Amino acid sequence: MLIPVQPLKQADLPERSKPMLKMIGPGVVIAGLAIGSGELIMWPWITSVVGAQLLWAAAIGIFLQLWVNIEIGRWTIATGESPFTGMARVVKLTVYLFVFVIFVGKFLPGWARETGIAARDLIFGPGHDSPPWLWTALVFALVAAILFGPKVIYTAVERCIMGLIVVIVVGLLYVVWEIGSVEIFAAMWDGVINLFSFPDFPVNILAEDGSVRDQLTFNRFFGAVVFAGAGGLGNLYYAYYLREKNIGMGALMPSLMSPAHKHEIKEMDAGYLFAETPDNLRRFKDWYRYVVIDQTLFFWILGSFTMFLFIFGALAVLHPIGLVPDRASLVWDLASILEQSMGTFGRYLFLVVGMAALFSTQLGGIDGGSRIFADLLHTNFKFGRWLKLEQWYLILVIATMVIGVFSVWFFGRYDIAGLDFLFIAALMGGFVMAVYVPMILYMNLTRLPKSARPGWINILFMVLASAMYISFAGYTIYSKVLDVVAG
């Protein structure tokens, strides 16, 4: 049974007292979340199939997500609450959609599986017979130690992901320095500027005996565009991290504390609105400037930089020899080919970089996904009030890990690999973005004070983003219906 959402209260926007450098964090965490999905797995795999032909789509995908994140940040600094609470006020039934998508997503632990496999390959090589579910469980155990070690959960997530990003960027720069050439950079540039250049879908991937072992379909390509960036519900994690960093009205909202430590429990479901006074308008512009800088530097520029470095590796190493990695061993295949030009050090370096990228995504995904699920249950359902927010968070983190290990074991029996998990997650992410992207634009245009509403440039790119995700959802439904009719 759904319960009414509390109305927004009145409050003045807090003054920004810290310099920009001391507020670094939320954008970096979202970049870390993005690196291990489309950046490491999907786009290098697509590049190994068709070369640089589709890189323009990766660039467009992450650029449009920049504007989505800025508008998510706008809502949060102006109200202090998550966009889910605002959307529940507009259309209450959206709560069921988001709960369903998050629940199903718990059965798609692609990042944890791939992190574990990369660790196993690093230690024992790809022929080791230890089961993937065991390594997935070890990855989840490390995630649990990070999440529940310190008193404030976000602090651990931020510091860990910042460290992982340093490893990723330094490692990738070294790899590109060793294997790079002017010709590869030129090919990448041509792939970015030649807009709307498509191969003939589906692109068959042949086995050694000439049989088709896999395909790059249009749906997979479109899913990769969705995941060029955080993708799916991942962009909405940004609202929670802004609150944890005390950005804007988020400073008035309590932090999520670890249930493993004793502390005073403070909970607050609804946020605030500010009166349109000169001081509040000045403060909002100051906070909004922070959001724009944070997302431009760390999500868009850093995210694009790492994505194209990973793509560079695939274009330099895999595509020239016609090697399309197996769905279950992309990181190992790329690392093994690097060994030919960089020696054993090159192979191990890329495995470490790959593990860091995948683990940063898995850590951010479990933390952000559990925050969203706990928030949805606690804010919108009667039974959600039976437990405190942090208790729901603990239960959902544990449930995610248990279900994830079971899924890797169960689906492994049916040859469902890590890449399959990620493409299915991208498909779901495209559908949910078709819902929440236009809703956030509507909320920001109608529910915020007039001085805090988006201008025409933001509206334009949000409309384009909405059109892309709605088109993706519509095309996917259309193609599936055709398949059923033809079948």
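What you are looking at is a predicted structure, and each value in this text was computed from that prediction instead of being measured.

Calculation notes
Residues numbered from 1 in each chain as written. Predicted model: local features only at pLDDT ≥ 70, side-chain atom pairs only at ≥ 80, totals over all residues. Heavy atoms only, no water. Helix = DSSP H or I, 4+ residues; strand = E, 2+ residues; numbered from the N terminus. Buried < 20%, exposed > 50% of the residue type's maximum accessible area, 1.4 Å probe, protein only. Contact = heavy atoms within 4.5 Å. Areas by Shrake-Rupley, 256 points an atom, 1.4 Å probe, with all protein chains shown as cover. Core = buried A, V, L, I, M, F, W, Y, C linked by side-chain atoms within 4.5 Å. Pairing = 2+ DSSP bridges. Phe/Tyr/Trp six-rings, centres within 6.5 Å; stacked < 30°, edge-to-face > 60°. Lys NZ or Arg CZ within 6 Å of the ring centre and 35° of its normal. Patch = residues over 30% accessible without salt bridge, like charges linked within 9 Å, V, L, I, M, F, W, Y side chains within 5 Å. Salt bridge = Lys/Arg side-chain N within 4 Å of Asp/Glu carboxyl O. Expected span 1.5 Å × (residues − 1). Bend = angle between axes of the 7 residues up to and from the residue. Axes fitted to C-alpha atoms, helices over the stretch in contact; angles between N-to-C directions. Parallel < 35°, antiparallel > 145°, perpendicular 65-115°, else oblique. Nonpolar A, V, L, I, M, F, W, Y, C, P; charged D, E, K, R; others polar. pLDDT = per-residue confidence, 0-100. Polar contact = N/O pair within 3.5 Å; in protein donor to acceptor, adjacent residues only side chain to side chain.

When helices and strands are counted, the protein chain shows 15 helices and four strands. Considering the protein chain as a whole, with its 487 residues, one finds that 59% of them fall into the buried category. Contacts spanning at least 24 positions in sequence make up 83% of the contacts within the protein chain whose residues lie at least 6 apart. Accessible surface, the protein chain: about 19,200 Å² in total, of which carbon and sulfur atoms supply 67%.

Let's shift gears to the nonpolar core. Formed by 161 residues in total, the largest nonpolar core has its most connected members in Trp43, Phe84, Leu147, Leu233, Ile372 and Tyr436. It is helix 12 (residues 330–380) that contributes the most residues to this core, 20 residues altogether.

Looking now at the pairing of strand 3 (residues 212–216). One ladder, built from four bridges, connects strand 2 (residues 203–206) with strand 3; its direction is antiparallel. Bridging across to strand 3, leucine 206 finds its partner in valine 212. Counting the residues in the hairpin turn of strand 2 and strand 3 gives five residues, including glycine 210, whose phi is positive at 90°.

Glancing now at the packing of aromatic side chains. Counted by the stated rule, this structure contains 33 aromatic pairs. Geometrically, the ring pair formed by phenylalanine 148 and tyrosine 393 is edge-to-face, given 6.1 Å between the ring centres and 75° between the ring planes. Within this pair, whereas phenylalanine 148 is found in helix 6 (residues 132–148), its partner tyrosine 393 is found in helix 13 (residues 389–412), the two being separated by 245 residues in sequence. When its relative accessible area of 16% is taken as the criterion, phenylalanine 148 is described as buried. Between phenylalanine 198 and phenylalanine 221, the ring centres sit 5.8 Å apart and the planes meet at 90°, which makes this aromatic pair edge-to-face. Of the two residues, phenylalanine 198 is situated in the loop between helix 8 (182–193) and strand 2 and phenylalanine 221 in helix 9 (residues 218–226); the sequence distance between them amounts to 23 residues. Members of the aromatic cluster, connected to one another through ring pairs, are Trp43, Trp56, Phe196, Phe198, Phe201, Phe218, Phe221, Phe222, Phe431, Phe472 and Tyr475. Seen from the ring of tyrosine 272, lysine 9 lies directly overhead, with NZ or CZ sitting 5.2 Å from the centre.

We now examine a nonpolar patch on the surface. Together, Trp133, Leu134, Leu138, Phe406 and Trp409 make up an exposed nonpolar region whose accessible area comes to about 470 Å². Mapped onto the nonpolar patch, the elements with two or more residues apiece are helix 6 and helix 13. In terms of residues, the nonpolar patch owes the most to one element, helix 6, which gives three residues. For tryptophan 133, the position within the fold is in helix 6.

Let's shift gears to unusual backbone geometry. For the bond from phenylalanine 201 to proline 202, the omega torsion is -5°, close enough to zero to count as cis. Phi at phenylalanine 196 is positive, roughly 60°, even though this residue is not glycine. In this fold, phenylalanine 196 is placed in the loop between helix 8 and strand 2. The class of phenylalanine 196 is exposed, set by a relative accessible area of 57%.

Now for helix 11 (residues 278–318). With 41 residues, helix 11 should cover 60 Å at 1.5 Å per step; its first-to-last C-alpha distance of 57 Å lies within 8% of that length. Where helix 11 bends most, the angle comes to about 30°, and this point is threonine 296.

Our next topic: the pattern of salt bridges. Inspection of every chain in the model, using the stated rule, returns 10 salt bridges. Two residues, arginine 282 and aspartate 279, come together in a salt bridge whose shortest N-O distance is 3.7 Å. Of the two residues, arginine 282 and aspartate 279 both sit in helix 11, three residues apart, roughly one turn of that helix. Overall, arginine 282 belongs to the partly exposed group, its relative accessible area being 42%. Aspartate 279 sits in the partly exposed class, given a relative accessible area of 41%. A salt bridge links aspartate 286 to arginine 289; the shortest N-O distance between them is 3.1 Å. With aspartate 286 and arginine 289 both in helix 11 and three residues apart, this pair spans about one turn of that helix. Its relative accessible area of 15% is what places aspartate 286 among the buried residues.

The next point concerns the packing of helix 2 (residues 55–79) against helix 3 (residues 83–90). In contact at an axis separation of 10 Å, helix 2 and helix 3 are set at 85° when each is read in the N-to-C sense. By the angle between their axes, helix 2 is roughly perpendicular relative to helix 3. Counted together, Ile72, Trp75 and Thr76 of helix 2 and Pro83, Gly86 and Arg89 of helix 3 form the full contact between these two elements. When grouped by side-chain class, the residues that make up the contact of helix 2 with helix 3 number three nonpolar, two polar and one charged.

Now for the confidence of the model for the protein chain. Per-residue pLDDT for the protein chain has a mean of 84; in total, 90% of the residues score no lower than 70. Element-level mean pLDDT values for the protein chain span from 77 in helix 5 (residues 110–124) up to 95 in helix 2.

Looking at the secondary structure, you find aspartate 367 in helix 12. Judged by its relative accessible area of 0%, aspartate 367 is buried. Expressed as a C-alpha distance, the spacing of aspartate 367 and tyrosine 237, which sit 130 residues apart in the sequence, is 8.9 Å. In this view, aspartate 367 contacts Leu147, Ile153, Val157, Tyr241 and Tyr393; residues no more than four positions away in its chain are not counted. Within the structure, aspartate 367 has its side chain in polar contact with the side chain of tyrosine 241 (distance 2.6 Å).

This part is about helix 3. Taking burial as the measure, the eight residues of helix 3 include six buried ones, the bulk of the element. The complete set of buried residues in helix 3 reads Pro83, Phe84, Thr85, Gly86, Met87 and Ala88.

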